[in-house]
Amino acid sequence: MNAVTTTLTEDQLALAEVTLDFAQEQLAPHAVAWDQDKHFPVDVIRRAAALGLAGVYVREEHGGSGLSRSDGVLVFETLATGCPSIAGYLSIHNMVAWMVDRYGDRTQRERWLPGLCTAATLGSYCLTEPGAGSDAAALRTRAERQGDHYVLTGVKQFISGAGAADVYVVMARTGDAGPGGISAFVVEREDPGVTFGPNERKMGWNAQPTRQVILDGVRIPADRLLGAEGDGFRIAMNGLNGGRLGIAACSLGGAQSALDRSLSYLADREAFGSRLLDAQALQFRLADMATELAAARALVRQAAEALDTGDPLAPRLCAMAKRFATDTGYAVADAALQLHGGYGYLSEYGIEKIVRDLRVHQILEGTNEVMRVIVARGLTETLR
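Residues numbered from 1 in each chain as written. Predicted model: local features only at pLDDT ≥ 70, side-chain atom pairs only at ≥ 80, totals over all residues. Heavy atoms only, no water.

Asker: Would you mind going over helix α7 (residues 232–268) with me for this structure?
Answerer: Each α-helix turn comprises 3.6 residues. Residues three or four places apart therefore point the same way. Compared with the 54 Å implied by 1.5 Å per residue over 37 residues, the 54 Å span of α7 between its first and last C-alpha is a close match. Along its length, α7 shows its largest kink, about 25 degrees, at N241. Within α7, 27 of the 37 residues are buried, which leaves the element mostly enclosed by the surrounding structure. (Helix = DSSP H or I, 4+ residues; strand = E, 2+ residues; numbered from the N terminus. Expected span 1.5 Å × (residues − 1). Bend = angle between axes of the 7 residues up to and from the residue. Buried < 20%, exposed > 50% of the residue type's maximum accessible area, 1.4 Å probe, protein only.)

Asker: What's the story with helix α3 (residues 42–50) in this structure? I'm lost.
Answerer: Among the residues of α3, those classed as buried are V44, I45, A48 and A49. Down the axis of α3, the sector holding all buried residues measures 155 degrees, keeping them to one side. Contacts from the buried residues of α3 go to α1 (10–27), α2 (31–37), α5 (84–103) and α6 (106–118). Downstream of α3 by a residue or two, G52 has a phi angle that is positive, lying close to 90 degrees. (Arc of directions from axis to C-beta. Contact = heavy atoms within 4.5 Å.)

Asker: Explain the packing of helix α8 (residues 280–309) against helix α9 (residues 314–339) here, please?
Answerer: Any two packed helices are characterised by how steeply their axes cross, that is the angle between the axes, and by the distance between the axes. One way to put it is that α8 packs onto α9 with a least axis distance of 9 Å and a crossing angle of 160 degrees. Considering the angle they form, α8 stands roughly antiparallel to α9. When you trace α8 past α9, the crossing you get is left-handed. The residue makeup of the contact of α8 with α9, split by class, is 22 nonpolar, 2 polar and 2 charged. (Axes fitted to C-alpha atoms, helices over the stretch in contact; angles between N-to-C directions. Parallel < 35°, antiparallel > 145°, perpendicular 65-115°, else oblique. Left-handed = near helix turned anticlockwise from the far one by under 90°. Nonpolar A, V, L, I, M, F, W, Y, C, P; charged D, E, K, R; others polar.)

Asker: Where do I start with the pattern of salt bridges in this structure?
Answerer: Under the criterion given, the structure shown has 18 salt bridges. Between D35 and R356 there is a salt bridge, and its shortest N-O distance comes to 2.7 Å. Of this pair, D35 sits in helix α2 while R356 sits in helix α10 (residues 351–359), and the two are 321 residues apart along the sequence. Relative accessible area serves as the criterion here: at 6%, D35 is assigned to the buried category. The residue R297 makes a salt bridge to E77 at a minimum N-O spacing of 2.8 Å. In this pair, R297 is assigned in helix α8 and E77 in helix α4 (residues 69–80), connecting sequence segments 220 residues apart. R297 sits in the buried class, given a relative accessible area of 3%. Using a relative accessible area of 2% as the deciding quantity, one classes E77 as buried. (Salt bridge = Lys/Arg side-chain N within 4 Å of Asp/Glu carboxyl O.)

In structure tokens, the structure reads:
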């Protein structure tokens, strides 16, 4: 991976090397076939977990790797050079594991974290609904308290890993309208009343399932509440700060792979009596792609450091990084396809898959329009 590494520690360089080896040996050779077959390689995800990549942010005493967000963006960028779809799912799975570690009590951590950290248990995050996407605080799934239980009723939409995952962190309304009425729960796949819609037919991210999660009077013990009643929206947003960095990093990795492939292709391809790589116009295009990726990478790392240090500007920086890196990643991948000409449009070269996979990064974990809202709100709040 031709990423700027001068600011990385020795431990981070070693982490990148191990992760890159895994991405190139376990993900890249199969990525196109998984996409075409819509195959979710759970066995490979468990191999990643054996390297500590399923509990990246979980504290070591709870079975995780105890890594920082700065380490995490390096992990997910590197994984995405092999397959952005699988790297994206692992980012979401790690967000779920972090939420259980951060907000769960001792019993909850002991119950779910061992499986999540080994990927024996897969996790999914359930916030979005058919009528509540960008306006997440308007969600309608309800959780009614009945004695020592809650009864959940509603539908969650566009849930990555749904059906295959075992554990679902679900945001549901326990109180009045608005964010203060939302609570977080852990629902298990085998809970009575949990069913799933069909696997969605998607443009990209085909190596992982995306389904509705349907909750039809799902009765769960009250000890499945994550945090306190009314804390759900705060938990969801804090989880998304890290999730946005993960997806931003996946965009960097996918785009870096597309750039690297373009360099190789242009070096091998001849036209009009010389290598395409020797054409100055194409060199300028490559230079712009590399420059834009380096700028996006720097912003992602700045946001990760802010999240690690508890900087109050971290949520705004995470939104900036997510918006900029996912827009840049998609633009670089699209430019790489153009540089490949007709071959870039063929599935066997893998470039068109990267383009399709990276497109959704501009939508999930909060659309890039919502990222602009977050940034603008932070800029203008002192002037109100």
